[in-house]
Amino acid sequence: MKSFNRRSAVTMAAAALLLAGCGGGSGGAGADGGASSGGKVTVEWWSIHNIEPMLGVWKGLVKEYEAQHPNVTIKMNAMNVENFKSKLTTVTQSGKAPHLFHTWGGGVLAQQVEAGLVKDLTADIAPWSGTLSPVALQSYQVDGKTYGVPHDIGMVGFWYNKKLFAKAGIDAPPATWTEFLDDVKKLKAAGIAPIALAGKAKWPGHYYWAYLAMRVAGLDALKQAAETKSFENPDFVTAGRKLKELVDLQPFQQGFLGADYDKPDGQAAAIGNGKAAMELMGQWAPSVQRDTSTDLGEDLGFFPFPAVEGGKGTATDAFGGGGGIAVGADAPPEAVDFLRFISQPDNHRKGVKTGAIFPAVKGTEDAVTDRHAKLVTESLSKATGYQLYLDQAYPPAVGQQVNDSVAELIAGSKTPEQVVADITTAAKSE
Amino acid sequence: MRPETLAADERPAQAEPRRARPASGGDPAGRRRGRRRALVTITLFLLPALVLFVLLVLVPILLAGYASVFKWNGFGGLPTDFVGLDNFTRMFEDPVFLGDLWRGLVLIVLSLAVQLPLALGLALLLNRPMRGRAFYRLLFFAPYVLSEVITAVLFTMFFSPERGLANEMLSMVGLEELSSTWLSDPSSVMYSVFIVMTWKYFGFHMILYLAGRQGIPTELIEAAQLDGASGWKVFRHVTLPLLGPTIRISAFLSVIGAIQLFDLVWVLTEGGPIHASETMAITMFTFGFGRYQVGYASAISVVMFLISLVFALGYQRFVLRRDTEGAITGMRDQR
């Protein structure tokens with residue numbers, strides 16, 4: 001009996017601890033700061049750069065800033081993207097947001113703005129927002145107001161293996177969709193899988209539909225569709241048909257429907273290992289190839305998405321995204337000041353130099369040293385228009401529907417017309 | 001457990017009340033005081049568990065129920081856009097959710113028809129005296145000890161179309177035509193997932209059956225054998241009926257597990273390709289955390305909860321009744 005008592009006492013103590021833990025956890029969202037300048041201020045920052053090199057760069061900048069402002073402590077909480085997303089979702093449900101948090105802009109940011117979680121930075125950053133790249137900044141603007149400060153901007157394009165292209169007898173990257181389809185046929189004829197695609201991840205597939213929609217229907221049509229909540233535009237159906245033309249050539253690697261993007265037998269590794277000739281991917285593609293397989297080095301080339309004959313879009317319009325930082329609604333002014341600090345050209349260069357982020361501040365392009373990074377920066381500098389990833393630009397429900405529907409189109413279970421209808425249904429339900 | 005030890009276990013339980021009675025039974029006031037004290041003790045002991053249960057189980061269930069009648073993206077404070085039962089009607093018009101129900105049913109049927117008999121067979125096999133018996137038991141139980149995520153990562157490599165062991169092994173024994181893209185093919189992905197599930201969980205059911213089998217007194221089997229029953233007859237008329245309670249519990253756990261299946265499939269396929277391996281839990285997750293339609297996701301979780309609850313209660317009421325009867329009537333006797 002005695003030992004029983006003791007055990008239950010321990011249980012009770014453990015329960016009490018657990019309860020205390022719960023209480024602490026829910027209060028720990030960090031939004032209860034807001035003590036303004038003068039006294040001690042702690043700024044909580046949720047970042048997605050949990051690995052080197054960026055983790056080190058940010059830590060260095062935090063230290064520097066803290067040295068200049070002894071009353072400010074910046075608590076950096078770096079986690080991987082999936083963790084970050086689910087943690088932020090949970091915290092924002094309680095109506096609070098961290099002082100500083102990573103954002104990709106677009107539809108998610110707009111929803112957070114609507115819920116009153118994000119600070120309007122327009123006036124606060126006006127003195128120095130002119131130094132930011134306008135293309136980069138536009139993803140963080142909602143109804144003409146700015147809600148985030150970019151620190152990274154890139155674009156999606158075709159990364160290709162020059163050797164495999166040469167082996168198939170292709171001497172120059174394709175400039176039009178017809179040429180592109182011809183090259184795919186040539187590669188197939190040479191026994192090379194033309195394209196690597198991560199079907200399991202879905203988002204890489206949506207790049208094809210998005211770019212085709214941009215080329216066929218134009219940037220304005222995509223913007224208008226979001227506003228009118230209707231994608232019932234014949235041009236979007238045409239875009240789907242063009243993608244169907246490609247899919248019908250069976251250009252993807254074996255088992256692509258179950259392939260991951262960044263796993264040892266995923267999309268990136270298929271390129272790195274020379275198993276497939278090209279992939280449509282963002283600026284980070286070379287580094288992921290390196291991490292999962294080998295670095296193709298000199299053999300890896302980059303060409304922008306080809307033009308579509310008779311399309312309404314400009315062939316130099318770019319598609320992609322980057323990263324930025326948003327400020328929680330009740331964050332102290334020091335949070336915004338820290339953003340000013342990291343956006344100073346010299347501090348931004350430190351990150352750009354690592355090759356992990358791309359210039360989002362004017363005049364820092366000179367810090368790009370990596371061969372592959374230069375290809376992207378060059379192409380981006382010629383961009384006449386810019387479209388954020390559709391699964392980011394639109395409200396999440398619409399963006400995910402785009403990913404799902406395009407995946408179904410690629411798998412052959414939906415027609416181009418159904419894709420447009422499904423996306424419209426999702427948009428209307430928002 | 002042998003019958004002698006079983007009886008020895010029961011004896012003190014029956015003896016206890018008899019011995020306790022003379023101590024407090026004499027004067028009624030003392031008994032009342034005693035009872036009150038016991039009540040306080042019980043409440044005190046129950047309190048932590050009760051508080052935790054309410055906070056971590058009941059409150060979330062109620063909140064999910066509340067959120068399920070709203071259109072809510074989960075941002076900022078409480079939901080405000082009341083939509084009644086729209087989320088539920090939408091769910092039962094969504095081919096993906098209806099597909100989830102169908103796929104759940106397929107998994108349950110496959111589990112009951114393949115996985116459990118397999119586990120039972122192995123348990124009976126491993127109950128016989130043989131060399132290396134402990135080793136085999138350990139070996140078959142090992143997959144259950146691995147976490148779901150590790151299992152899934154292991155099997156994504158195993159099923160890799162390019163260099164997976166599955167296709168390698170098939171070609172080694174000359175069965176190339178059976179090689180497949182496993183997880184990448186919408187028509188075969190469910191069976192691949194089921195193979196992984198079976199690999200992961202059969203050991204657990206095997207241990208249950210093994211324990212159940214060892215609870216059957218050898219005398220009964222010997223008696224049957226003396227009466228001339230063949231091996232099959234002994235199994236059919238002695239072992240199987242006496243394993244009944246274990247089988248019923250194991251089937252119950254298997255069904256509930258299939259209804260709630262998430263992590264294994266999420267890491268293996270994320271529900272794809274084209275929703276072909278999606279489960280209810282995965283649909284809920286993608287709507288809640290991918291599309292930020294927390295109201296709709298809550299509605300899905302409510303339906304999942306109701307399905308589990310109805311099944312659990314129905315199963316308790318109609319299938320497990322015989323097994324729980326003893327315990328309940330036993331308690332009544334003591335009172």
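Anything mentioned here points back to the structure above.
Please read all numbers here as calculations on a predicted model, not as lab measurements.

Novice: Explain the pattern of salt bridges to me, and be specific about the residues and the numbers.
Specialist: Residue and element names in this part refer to chain A. For the structure shown, the criterion picks out 19 salt bridges over all chains. A salt bridge links Asp404 to Lys202, with the nearest nitrogen and oxygen atoms 3.1 Å apart. With a gap of 202 residues between them, Asp404 in helix 17 (residues 396-411) and Lys202 in the loop between strand 8 (193-195) and helix 8 (203-217) connect regions that are remote in the sequence. Across this residue pair, the class does not change: Asp404 and Lys202 are buried. Between Arg349 and Asp346 there is a salt bridge, with its nearest N and O atoms 2.8 Å apart. You can see Arg349 and its partner Asp346 sitting in helix 14 (residues 345-353), three residues apart, about one turn around the helix. For Asp346, a relative accessible area of 56% puts it in the exposed group.

Novice: Go over the sheet that holds strand 7 (residues 157-161) of chain A, please, and point to the residues and values.
Specialist: Residue and element names in this part refer to chain A. The strand order 8-9-7-10 describes an open sheet built from four strands, whose pairing is mixed. Of all strands in the sheet, those with a lone pairing partner are strand 8 and strand 10 (300-303), marking the two edges. Looking at each pair of strands side by side, their axes are set apart by 20 degrees on average, direction ignored. Both strand 8 and strand 9 (residues 276-281) contribute to a ladder of two bridges, which runs parallel. When the sheet's bridge partners are listed, Ala193 is paired in strand 9 with Ala276.

Novice: Which residues make up helix 6 (residues 148-158) of chain B, and what values go with them?
Specialist: Residue pairs three or four apart in sequence face the same way in an α-helix, which turns once every 3.6 residues. All names here are of chain B. Among the residues of helix 6, those classed as buried are Thr151, Ala152 and Phe155. Burial along helix 6 is one-sided: seen end-on, the buried residues are contained in an arc of 95 degrees. In this fold, the buried residues of helix 6 make contact with helix 8 (189-214) and helix 11 (263-269).

Novice: Before we move on, could you go through the interface of chain A and chain B and cite the residues and values that matter?
Specialist: Of the residues lining the interface, 42 residues belong to chain A; the matching set on chain B comes to 36 residues. Taking both sides of the interface into account, the surface hidden between chain A and chain B amounts to around 3,200 Å²; carbon and sulfur atoms contribute 60%. Where chain A meets chain B, there are one salt bridge. A salt bridge links Arg291 of chain B to Asp404 of chain A; the nearest nitrogen and oxygen atoms lie 3.0 Å apart. Here chain A and chain B share eight residue pairs in polar contact (both at pLDDT 80 or more) between them. If you list the elements that add at least two residues to the side of chain A that touches chain B, you get helix 1 (2-27), helix 3 (81-92), helix 4 (106-114) and helix 17 of chain A. Per-class residue counts for the side of chain A that touches chain B are 16 nonpolar, 18 polar and eight charged.

Calculation notes
Residues numbered from 1 in each chain as written. Chains lettered and ligands numbered in written order. Predicted model: local features only at pLDDT ≥ 70, side-chain atom pairs only at ≥ 80, totals over all residues. Heavy atoms only, no water. Salt bridge = Lys/Arg side-chain N within 4 Å of Asp/Glu carboxyl O. Helix = DSSP H or I, 4+ residues; strand = E, 2+ residues; numbered from the N terminus. Buried < 20%, exposed > 50% of the residue type's maximum accessible area, 1.4 Å probe, protein only. Pairing = 2+ DSSP bridges. Axes fitted to C-alpha atoms, helices over the stretch in contact; angles between N-to-C directions. Arc of directions from axis to C-beta. Contact = heavy atoms within 4.5 Å. Buried area = accessible area lost by both parts, 1.4 Å probe. Polar contact = N/O pair within 3.5 Å; in protein donor to acceptor, adjacent residues only side chain to side chain. Nonpolar A, V, L, I, M, F, W, Y, C, P; charged D, E, K, R; others polar.

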